[in-house]
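Commentary on secondary and tertiary structure
Spelled out, the chains give:
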Amino acid sequence: MEYELLIIGIVHLVVSYLVAVKKQTWLLAGFNEKMIKNKDLLRKVVGGGFFLPLGLLAVVHSFIEYPYEKTVLLVAMFVLLTFVYLFINRRLLD
């Protein structure tokens, strides 16, 4: 069991809850709030579409060990990040 990965997964789940449910968009750094058309959709996409799956994946991976575990986690992170980035740029920016 990898405790570091478990802690990272729990932190991602907490951030997902804070962004998606509690509407704490100030936790999302690096975007211009004036350019976002729909902040409600932004928090759902980032909180529920990026941080939640990544947190769940990290928690599951902390309990299961198999070859190339880190590579799979890294690729999943980049795929999720790419989809969220493309969605935000195409649908939510003015």
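Refer to the preceding data block for the structure.
Criteria and thresholds
Residues numbered from 1 in each chain as written. Predicted model: local features only at pLDDT ≥ 70, side-chain atom pairs only at ≥ 80, totals over all residues. Heavy atoms only, no water. Helix = DSSP H or I, 4+ residues; strand = E, 2+ residues; numbered from the N terminus. Contact = heavy atoms within 4.5 Å. Areas by Shrake-Rupley, 256 points an atom, 1.4 Å probe, with all protein chains shown as cover. 1 Å grid on protein atoms, 1.4 Å probe; cavity = no way out; pocket = protein on both sides within 12 Å on 5 of 7 lines; lining within 4 Å. Points joined across faces, edges and corners; volume = space filled by probe spheres on them. Nonpolar A, V, L, I, M, F, W, Y, C, P; charged D, E, K, R; others polar. Salt bridge = Lys/Arg side-chain N within 4 Å of Asp/Glu carboxyl O. Buried < 20%, exposed > 50% of the residue type's maximum accessible area, 1.4 Å probe, protein only.

Moving on to the overall build of the protein. On a plain count of helices and strands, the protein comes out with three helices and zero strands. Shown N-terminal to C-terminal, the secondary structure of the protein runs as helices and strands in the order α-α-α. Considering only C-alpha atoms, the protein reaches an extent of 45 × 25 × 15 Å along its principal axes. In the protein, the share of contacts with a sequence separation of at least 24, taken over all contacts with a separation of at least 6, comes to 72%. If you sum the accessible surface of the protein, you get close to 6,400 Å²; carbon and sulfur atoms cover 69% of it.

To continue, consider the layout of surface pockets. Quantified by volume, the largest pocket comes out at close to 290 Å³. If you go around the largest pocket, you meet 15 residues; those closest to its centre are L28, A29, V46, V84 and I88. Ranked by residues supplied to the lining of the largest pocket, first place goes to helix α3 (residues 69-92) with five residues. Counted by class, the lining of the largest pocket contains 13 nonpolar, two polar and no charged residues.

The final tally for this structure, using the stated rule, is three salt bridges. As a salt-bridge pair, E2 and K70 come within 2.6 Å of each other at their nearest N and O atoms. Of this pair, E2 sits in the segment before α1 (3-20) while K70 sits in helix α3, and the two are 68 residues apart along the sequence. Of the charged contacts, one joins D40 and K44 as a salt bridge, the two residues approaching to 3.6 Å between their closest N and O atoms. Highlighted residues: D40 and K44, both in helix α2 (residues 39-63), separated by four residues, approximately one helical turn. Since its relative accessible area comes to 34%, D40 is described here as partly exposed. When salt bridges that share partners are traced, they join D40, R43 and K44 into one network.

The analysis is restricted to geometry; functional conclusions fall outside its scope.
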